[in-house]
Amino acid sequence: MTSSCCIFSFIRYFSTTVEMAQQFNITNSIISSRRPNIFIIFIIIYFAIDSTLSQYETTYHYAGCFTEDANLLRESVDAKTPQNCVELCDVKNFNYALLATEKCSCSNNITLTMRQDDELCNISCSGNKLEYCGGIGLNSYYTTRWALNAAPKHLHLINASENSLTLAWDIYQPLNLFLTSLTVTTITNYRIKSELTKTYSSLPLFQPPEFLIQNTQTEIEITDLYPATEYNISVESICEGSKKKCGISYLLASTLIGEPSPIPAQPIILKTTDTTITIQIDSIRNDNGPINKILIIVERLDDTISQAFDAKLLGTLHEAEDNGLPYYIAAELDYINGSRKFTVGDGKLYGRYKNSPLDTKTSHIHISLGVVSTLNGITRTLFTRGTHDQHALSIKNFSYSTFAPGRESLTALTVSCSVFGICFILAIITYFYLRYKTCQLRALRGNSHEMTMHQPIIERENNGFVVEDELPTTESFKEQLNSILESLHNSKRLPRNNLRLNVNDMIAEGNYGEVITGKLLQTSSQSEGGADCQLHVLALNDLSSIDQAKLIREFRNISKLGQHANILDFYGVSASSDYLYVIFEHQSVILKRRLIESRRAPSSFRITTLSEQLVLQWIYEMASAMEYLEKLKVVHKRLCSHNIYVTDESTLKLSVFGPVPYTANQKKIDITRWSAPEVLRYQRHSPKSDVWSFGIVAWECCTLGGTPYSQLNNSKQLLDALQSGSRPARPSFIFHDLYQMLLNCWTLEPSERTTFEDLTYNVRQLMTSARHALCFDRQQEQQDNNVLDTLPFYMPLLEVEA
């Protein structure tokens, strides 16, 4: 039927072209001429063929005869041929064109139960007798080019906010199987891309990441976008077999404007008279939309007026007087890019506000600004508050004072020189006197060397917070320890008979003694059944002087600790005749083991049982705990995944006292792989070295327990690699924003590393859209080079000491 349609179209368009030629008397000249103009004949044939080919570009197929759909007919238009109807429906992105006599309708679906015998659709089309346009109560269905195109249909915007766009489209339905001459297309995924086309922001711009979603999903929210920004969004259909796009739709959409940002600088007061104040308004930047208007706000600061500033009550001077408010809008100005001067109180009308004269004699006045941003019918306004700083003279307005000519100037210069000379003489006398006294003291001391230390020396740590104590004697050590213990709350000093020890369950061993498990009974903070606990058993008489000094510092640190949701609870201390017990909450699941055990087999769609949201939640909890320690001026020094526990509620808790626990096979852990370069080289611990360790643990969380620097065997190799710029690699499932945050923890210079306060904020921002930071889905089309498929189920613990 398609070939006959093509032949008929050629004949029809050839005759049409001849008719057009006759209108211009071309054919008459050909016929009357004994030797027809070959060039003119060629033009006629060319136009005929070109018209036929262009007509044939819109390919369509006869799909069958179906019962008439009354709902569709109500939206029908006139069309005399299937070609006309197909073109109408093709423009509207419909799959099918329906003809009932000369009435054309469009549809995306075919209902198989409504199909009838093709012979019943026997009414010939008025514009083309060789084709059929339905029958009595029947429609003839023809396919458009969209029936062969798997592009998402009717892509549209359903919601927009300042930072997100939500799109939807109709689900693709392939051609029915009775069209045997056509191939049925099956969509497996949709790929969503966003391209920034227009924005008001002057900040560094980042293109939104691509999204790959399942074929059953027909709606997506794209987040982390810039306000008042236009994006060209494409939705590609990925078809089965080819793994390439088999259709694409585009949508131009914009986010809503946000509140103007950043806050503009307050106006500078240049000149003040009794009734006016001249100000200078510098250029204003708005990253969240356009700047349309500038409001000039006058605020009178009188002792008798205590009304708090409320932007909702701002209005004209007349309205402010009626409401008893000390502030009002004096002018509404069109925004002009660049610095400008304005006189407040000149009595003129600006917009709907009158710039009434001021009374600067009896009132102290501040001038504030309001930034008005309007876009697409939405208005956002930001109000600033003027301060006393705007009255300060700038360097541009500063004029140097000069002496007036005459006798007074000579007198002032003489007095100044005299005062300077007297001060200089006194300074010389003081210098020689102090030098004389110093020599006398040296003579009295004899030949002893001033710089020689007459007591033991301990290397001090330059950590910015912690100051090492001098090595104590036995008596001073006990006095200092007793002083710290007495400062503890009564609830923290526990009787020995409330403890039940599991002496055979040793979980760690450090410089101060062993760590065992036990149970704490009948305390005010626990139930009658008691609570599981860790007991650090300290044999104080066996400690060296250096360990005694370190223990004193550690006790001072834990005495500062309050209760924090992400730090092991400090229950208190207890003592017997031989030992001192330091008691903490006990948890049995270590973060390292929890991460490794979460890994899935390569045949799974995801590489882990953990969600991206939970992993980011863990990183946030760890950052929150470290921020708390930093505020208490406590340096952790041993932060690693073996020293962090996961509770039954999937919450992280950090251990801040004592050694790193053993592994399951009772072997010690070497925490060198978590140490910062300055710790490896000089043993200099600080909050910045804890930031480095935090970055390593966060990387472990993202790689499901991966061993950092697994190719290195000792601390010297590790230090050389770090100084040469080596850092833990970025797997493909960790996106750039999250990895950049980790890189900020690993700068070689400690002062350039980020802070825990910034880390807490950044992770909280990433948690708003977790899958933009991490994605644990296994991508099959990248199986050859994707790190997801190379992760083993269990990675050897290379940090275990042999």
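Quick note: structure is the one above.
Residues numbered from 1 in each chain as written. Predicted model: local features only at pLDDT ≥ 70, side-chain atom pairs only at ≥ 80, totals over all residues. Heavy atoms only, no water.

Asker: A description of the overall build of the protein chain should follow, citing residues and the corresponding values.
Answerer: A count of helical and extended segments in the protein chain gives 17 helices and 31 strands. For the protein chain, the residues scored as buried account for 44% of the 802 residues in total. At a minimum sequence separation of 6, the contacts of the protein chain that also span at least 24 residues come to 68%. Counting every atom, the protein chain has about 43600 Å² of accessible surface; 53% of that belongs to carbon and sulfur. (Helix = DSSP H or I, 4+ residues; strand = E, 2+ residues; numbered from the N terminus. Buried < 20%, exposed > 50% of the residue type's maximum accessible area, 1.4 Å probe, protein only. Contact = heavy atoms within 4.5 Å. Areas by Shrake-Rupley, 256 points an atom, 1.4 Å probe, with all protein chains shown as cover.)

Asker: Can you tell me about helix H9 (residues 545-560), naming the residues and giving the values?
Answerer: Here H9 spans 23 Å end to end across 16 residues, near enough to the 22 Å set by a 1.5 Å rise per residue. The set of residues buried in H9 consists of Asp547, Gln548, Ala549, Leu551, Ile552, Arg553, Glu554, Phe555, Asn557 and Ile558. (Expected span 1.5 Å × (residues − 1).)

Asker: Account for the environment of Asp569, with residues named and values stated.
Answerer: As for its position among the elements, Asp569 is in the loop between H9 and strand S28 (570-575). For the pair formed by Asp569 and Leu654, sequence separation is 85 residues and the distance between their alpha carbons is 9.5 Å. Beyond its immediate stretch of four places on either side in the chain, Asp569 contacts Gln563, His564, Ile583, Phe584, Glu585 and Lys653.

Asker: Give me the lowdown on the state of the cysteines, citing residues and values where you can.
Answerer: In the structure shown here, the tally under the stated rule is 4 disulfides. The disulfide partner of Cys85 is Cys104, and the S-S distance across this bridge is 1.9 Å. Between Cys85 and Cys104 the sulfur-sulfur dihedral comes to about 80°; the bridge is accordingly right-handed. Of this pair, Cys85 sits in helix H5 (residues 82-91) while Cys104 is found in strand S4 (residues 103-107), placing the two residues 19 residues apart along the sequence. Overall, Cys104 belongs to the buried group, its relative accessible area being 2%. Residue pairing for Cys125: its cysteine sulfur links by disulfide to Cys133, the two sulfurs lying 1.7 Å apart. Judged by the sign of its S-S torsion, about 105°, the cystine formed by Cys125 and Cys133 is right-handed. Accessibility assignment for this pair places Cys125 and Cys133 in one class, buried. (Disulfide = S-S within 2.5 Å.)

Asker: Outline unusual backbone geometry, supporting the account with residue identities and numerical values.
Answerer: Note the cis peptide between Ser261 and Pro262, where omega equals 0°. Along the chain, the position of Pro262 falls in the loop between strand S15 (245-254) and strand S16 (268-272). The backbone of Asp224 shows a phi angle near 60°, a positive value even though the residue is not glycine. Tracing the backbone shows Asp224 in the loop between strand S13 (219-222) and strand S14 (230-239). Taking the relative accessible area as the measure of exposure, Asp224 reaches 47% and is therefore partly exposed. We note that Gln683 has phi near 60°; this positive angle belongs to a residue other than glycine. Examined against the element boundaries, Gln683 turns out to sit in the loop between helix H12 (677-682) and helix H13 (687-702).

Asker: Give me the lowdown on the packing of aromatic side chains, citing residues and values where you can.
Answerer: Throughout the structure, instances matching the rule amount to 12 aromatic pairs. Relative to Phe432, the ring of Tyr431 lies with its centre 5.2 Å away and its plane at 75°, an arrangement referred to as edge-to-face. The class of Phe432 is exposed, set by a relative accessible area of 54%. An angle of 55° between the planes, with centres 5.9 Å apart, marks the rings of Phe733 and Phe776 as tilted. (Phe/Tyr/Trp six-rings, centres within 6.5 Å; stacked < 30°, edge-to-face > 60°.)

Asker: Give a description of the sheet that holds S16 that names residues and reports values.
Answerer: Here we have 3 strands laid out as an open sheet, ordered S16-S17-S20, and antiparallel in their pairing. Sheet topology places S16 and strand S20 (340-344) at the edges, where each strand pairs with a single neighbour. Going across the sheet, the axis of each strand differs from the next one's by a mean of 25°, ignoring polarity. Relative to S20, strand S17 (residues 277-281) runs antiparallel, the two being bridged by 5 bridges. Bridge pairing in S20 places Gln280 opposite Lys341. (Pairing = 2+ DSSP bridges. Axes fitted to C-alpha atoms, helices over the stretch in contact; angles between N-to-C directions.)

Asker: Please set out the pairing of strand S18 (residues 293-301) residue by residue, giving values where relevant.
Answerer: With 9 bridges joining them, S18 and strand S23 (residues 364-375) adopt antiparallel strand pairing. Opposite Ile296, over in S23, you have Leu369 as the bridge partner. Pairing geometry for S18 and strand S19 (residues 327-334), over 7 bridges, is antiparallel. Its bridge partner being in S19, Val298 is matched across the sheet by Tyr328.

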